[in-house]
Amino acid sequence: MNFLVKLFRSVWYLLWYLFAACVVLTAAIFGLARLLLPLVDDYNKDVEQYASDLVGRPIKIMSLDAEWHGFSPSLVLNNVRLLSIDGTDTILQLSRARLDFDLLAMASTRQVQFRRFALSGADISLVRQKSGLVNLSGFESSQIETGGDEDTTAILHWLLTQGEISLHARNLVYQDNKSNRKRFHFSNVSFVLKNQAGRHLNDGAIGFSKKNNQEFAFALDLTGDITSGNNWSGKIYVNGTNLDITRIFGVLGSNGHRVNIGNSNFELWTDWRNAELISLQGDLSLEKVHWQSAKRFTPLLQPLLKGNTSIPENSITIDRDRTRVTEYRNIIGRFMWDKYDEGWQLIADNFVMARGSRIWPSTQFAVHYLKDKSASHQLNFRSNMVRTEDLAPLVPILFGSYKNYTSLVERLAPEGDIKNVNFRWSEADNNFDMAARLDNVGFSAIDKLPGITGLTGELRATRQGGSLSLNTFVAGFSLPDMFRWDIPIKHLRGQVDWSIDDDEITVSSKNLELATAHVQSKAVIDLQIPRGKGAPFLSLITKFEKGDGSKASFYYPVSKLNENTVKWLDGAIIQGDIVSGGAIVYGQLDQFPFTKGQGVFETRFDVENGILDYAENWPKIHSLNANVVFKGDSLLITSESGKIFDSSLSDVRVSIPALGKRPLDLTIEGKVFGESQEKLNYLMISPPLNKKYGQYLTGLKASGESELNIKIGMQIKPKVESQVTGKLLLMDNG
């Protein structure tokens, strides 16, 4: 036992003495090194030659210095210039380069080894040549392309084989000769490069001279031969805060597109394979995005459109009458983009767009693009919401004049939200499939196509047809080619189906409920629209009730009536409660209202409490309960009850044989029963009767009752010409 204790003490003392000896030896070495450091400047030429051999290019050093950092000495090179291989041009200039010795590696290898390089005070210019390779040159050179590929490759190869290198550049200029030859200037660039057996880690940041609150940071983790241009892979991270993109990088764009972007924030992670971007994800917040397309530009979907050989050449490069600008206040979102052999996908979350006074709610969408082995394209799109008026301006930018999409969208001027969108397009099937919910969707009337606002319902559509299940409240309908004013809709319910073939488009609805602000109706519709020449054929049966006759002017087909007729209808029908009625339309719409029997147009309805002002300055017919019939272009009103003044009417008949005729012929017939004095008043008020009999009847008084059978014939020019005949039966008059 005592032996083991003595042995342990002996070993302990031995280790302690060895440790103390190492400390003393290290202190002696460090002390000796500190004494020798001031003599470093005497070896300037030797260091220049050593550094030139190490880098493989001539190096000029103005002076040397030495420092001590931690447990190792450092060699400091002042005003260092890296020259081209022939020594004629300065490729890179540094105000200071510090080289930290690796004492342990030097002790094991008995060769000079450096643990870390710290380079500062550099002015760097990077030039991307048309070949895609990036060259390095210093500002001191007169030509931006100074520094050939061979020099750049050698420098990069040396940098990527060292342990750790830090660099601080006062100025960095990047010029891209492959794409747009723009020059970008950055200041206060710093980064740290760590190389680990073929793996290269780089962290850095860039400052901007014009605005101190702008920040840009990056990190790289790359493997492979970075100097080759294509044989490298890895991950790249970038982070920008409050960056004024346009001020820093200038206006972005090509092929007739120019994009200006204001202050922006972003954080992006990217994956690269063989120098090709295969994955990108991150957060993005852009302000003041202005997208300008020139008079002549190339649609962004040109590669996809080119795959279709049926597309005419002029749909690829677009010529327009003027430059157009689309502005967005903000574009914010989280994105993930992946590329694979057959195509790519883009997924966005928390996407918000602001344009004008409109701001999107938080939105998600996904786009998948596939290209199969037969080079056939397929596109899938899903989104919980699309705001049409904000995306419509992008249609010409994406499609150009492909299949007249641009012209159609610009004329329709769509608005409203399309929700729960699921869209699939297949070139191989020559078909698409779409399902969505329309929420207050609208579009303008064009040609003979009606416009609508506030449309809400469920949509299913393919190239062969589709359906729209409507459940709309508070909407509007317009057809300027037929009606003068927009018709306000209170509700619109039912299902509309359509089918499309080579010859025609068929639209039908078996139970369509429509309530406007003036009438309620139910309809059965079948509409056949030829895809070639020919007019649409309409079969319509409708029933309506609870109508307001004072708003009848909203529904007059003014394009089918002459001006005098419209003026008479506007002034004649003053009031009336439409109790019930119905209409039938059957025939080709270019022959409406079928005056020669080519089809059927007939509308019938019952009116209560009507007021008919059939001619200016004539006594009105009021309290009219009547049946109204529009048949072809004729109008017939019949009634058994009504009043003129306080006299009762019966056997009333108001007829217009041809509403489209000039001049308009109007006939009014009926019996008037009441006080005789009112008959005299009627004679005195009615313009033609007063003119003929007024001088004889002035001052005449009558008592008792009478019955007048009257017939009035009128021609509505712009002025009214009338002829009156009648028979008066007096009863107990005096």
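Residues numbered from 1 in each chain as written. Predicted model: local features only at pLDDT ≥ 70, side-chain atom pairs only at ≥ 80, totals over all residues. Heavy atoms only, no water.

### Here's the deal with the overall build of the protein
The helix and strand inventory of the protein stands at 12 helices and 36 strands. In the protein, which comprises 734 residues, the share counted as buried stands at 42%. Intrachain contacts of the protein at a sequence separation of at least 6 include 51% that bridge at least 24 residues. For the protein, the exposed surface amounts to about 40,200 Å²; the carbon and sulfur share of it is 55%. (Helix = DSSP H or I, 4+ residues; strand = E, 2+ residues; numbered from the N terminus. Buried < 20%, exposed > 50% of the residue type's maximum accessible area, 1.4 Å probe, protein only. Contact = heavy atoms within 4.5 Å. Areas by Shrake-Rupley, 256 points an atom, 1.4 Å probe, with all protein chains shown as cover.)

### Details of the packing of aromatic side chains
A full pass over the atoms with the stated rule returns 16 aromatic pairs. Residues Phe216 and Phe218 carry aromatic rings whose centres are separated by 6.3 Å and whose planes lie at 35° to one another, so their mutual orientation is tilted. Like Phe218, Phe216 is buried. Feature note: the residues Phe335, Phe351, Trp360, Phe365 and Phe381 constitute an aromatic cluster, connected by ring pairs. When the ring centre of Tyr328 is taken as origin, the NZ or CZ atom of Arg355, which lies over that ring, is 5.9 Å away. (Phe/Tyr/Trp six-rings, centres within 6.5 Å; stacked < 30°, edge-to-face > 60°. Lys NZ or Arg CZ within 6 Å of the ring centre and 35° of its normal.)

### Observations concerning the nonpolar core
Ranked by size, the top nonpolar core spans 59 residues in total, and within it Leu77, Leu94, Phe186 and Phe216 carry the most contacts. Of all hydrophobic cores here, the second largest spans 48 residues; its members include Ala523, Leu538, Phe630 and Leu708. (Core = buried A, V, L, I, M, F, W, Y, C linked by side-chain atoms within 4.5 Å.)

### Brief notes about helix H10 (residues 563-572)
Residues Asn564, Thr565, Val566, Trp568, Leu569 and Ala572 constitute the buried set of H10. Where H10 begins, one side-chain oxygen reaches toward the backbone nitrogen of Asn564, 3.0 Å away; that side chain belongs to Asn562. (Polar contact = N/O pair within 3.5 Å; in protein donor to acceptor, adjacent residues only side chain to side chain.)

### Examining the side chain of Asn564
Within the secondary structure, Asn564 is located in helix H10. Its relative accessible area of 18% is what places Asn564 among the buried residues. Apart from the residues lying within four places of it in its own chain, the contact partners of Asn564 are Ile716, Lys717 and Pro718.

### Notes on unusual backbone geometry
Following Phe592, the chain continues into Pro593 via a peptide bond in cis, with omega recorded as 10°. Secondary-structure assignment places Pro593 in the loop between strand S29 (573-588) and strand S30 (600-612). The omega angle of the peptide bond from Arg662 to Pro663 is -10°, so this bond is cis rather than trans. If you trace the backbone, Pro663 turns up in the loop between strand S33 (647-656) and strand S34 (664-675). Positive phi values are uncommon outside glycine, yet Asn242 reaches one of about 55°. Positive phi outside glycine occurs at Asn274, with the angle close to 50°.

### What about the pattern of salt bridges?
Counting across every chain of the model gives 19 salt bridges. For Asp390, the salt bridge is made with Arg358, and the minimal N-O distance between the two is 2.7 Å. With a gap of 32 residues between them, Asp390 in helix H7 (residues 388-391) and Arg358 in strand S18 (residues 358-359) connect regions that are remote in the sequence. In this structure Asp390 comes out as buried when scored by relative accessible area, which is 0%. Asp433 is paired through a salt bridge with Arg460; the nearest N and O atoms lie 3.9 Å apart. With Asp433 in strand S22 (residues 431-443) and Arg460 in strand S23 (residues 451-462), this pair connects stretches of sequence that are 27 residues apart. When its relative accessible area of 46% is taken as the criterion, Arg460 is described as partly exposed. (Salt bridge = Lys/Arg side-chain N within 4 Å of Asp/Glu carboxyl O.)

### Things to note about the pairing of strand S6 (residues 164-176)
With 11 bridges connecting them, strand S4 (residues 114-128) and S6 associate as parallel partners. Among the inter-strand pairings, Ala118 is bridged to a residue of S6, identified as Ser166. Pairing geometry for S6 and strand S7 (residues 183-196), over 11 bridges, is antiparallel. Directly across from Leu172, in S7, lies its bridge partner Phe186. (Pairing = 2+ DSSP bridges.)

### Digging into the confidence of the model for the protein
For the protein, mean pLDDT is 80; residues scoring 70 or higher make up 80% of the total. Of the regions scoring below 50 in pLDDT, residues 139-147 engages in 26 contacts with residues more than four places distant in sequence or in other chains. (pLDDT = per-residue confidence, 0-100.)

### Some thoughts on the environment of Ser407
Within the secondary structure, Ser407 sits in helix H9 (residues 405-412). Sequence-wise, Ser407 and Val395 are 12 residues apart; in three dimensions their C-alpha atoms are separated by 9.5 Å.

### Thoughts on the environment of Leu64
Topologically, Leu64 is positioned in strand S1 (residues 59-69). Using a relative accessible area of 6% as the deciding quantity, one classes Leu64 as buried.

### Here we look at the pairing of strand S27 (residues 520-530)
The side chains of a regular strand alternate between both faces of the sheet. Where strand S26 (residues 504-516) meets S27, 10 bridges bridge the pair, whose relative direction is antiparallel. Within S27, the position partnered with Glu504 by the bridge is Pro530. With antiparallel pairing between neighbouring strands as the criterion, S26 and S27 make up a hairpin whose turn holds three residues. Sheet topology places S27 next to strand S28 (residues 537-548); nine bridges connect them, and they run antiparallel. Within S28, the position partnered with Ile525 by the bridge is Leu540. Linking two consecutive strands that pair antiparallel, namely S27 and S28, is a turn of six residues; a positive phi of about 115° is found at Gly534 within it.

### Let's talk about helix H2 (residues 44-55)
For H2, which comprises 12 residues, the first-to-last C-alpha distance of 16 Å matches the rise-based estimate of 16 Å (1.5 Å per residue) to within 8%. Every buried residue of H2 is listed here: Asn44, Val47, Glu48, Ala51, Ser52 and Val55. For H2, the arc enclosing every buried residue in end-on projection is 135°, short of the 170-degree limit, so these residues lie on one face. In H2, the exposed positions angled more than 90 degrees off the buried face are occupied by Lys45, Asp46 and Asp53. Taken from the residues just after H2, Gly56 is the one with a positive phi, measuring 85°. (Expected span 1.5 Å × (residues − 1). Arc of directions from axis to C-beta.)

### As for the environment of Thr472
Among the structural elements, Thr472 can be located in strand S24 (residues 465-478). Judged by its relative accessible area of 0%, Thr472 falls in the buried class. Residues contacting Thr472, with those up to four places away along its chain left out, are Gly454, Leu455, Thr456, Lys490, His491 and Leu492. One polar contact links the side chain of Thr472 to the main-chain amide nitrogen of Thr456, over a distance of 2.8 Å.

### With respect to empty space enclosed by the protein
For the structure on display, the rule yields two cavities of 30 Å³ or more. Empty space within the largest cavity amounts to approximately 90 Å³. For the lining of the largest cavity, the elements supplying multiple residues, two or more each, are S33, S34 and strand S35 (705-716). Counting residues per element, the lining of the largest cavity draws most heavily on S34, which supplies five residues. Considered class by class, the residues forming the lining of the largest cavity number 10 nonpolar, one polar and two charged. (1 Å grid on protein atoms, 1.4 Å probe; cavity = no way out; pocket = protein on both sides within 12 Å on 5 of 7 lines; lining within 4 Å. Points joined across faces, edges and corners; volume = space filled by probe spheres on them. Nonpolar A, V, L, I, M, F, W, Y, C, P; charged D, E, K, R; others polar.)

### As for the side chain of Glu602
Turning to its location among the elements, Glu602 is positioned in strand S30. A distance of 2.4 Å separates polar atoms of two side chains, one belonging to Glu602 and the other to Arg604.

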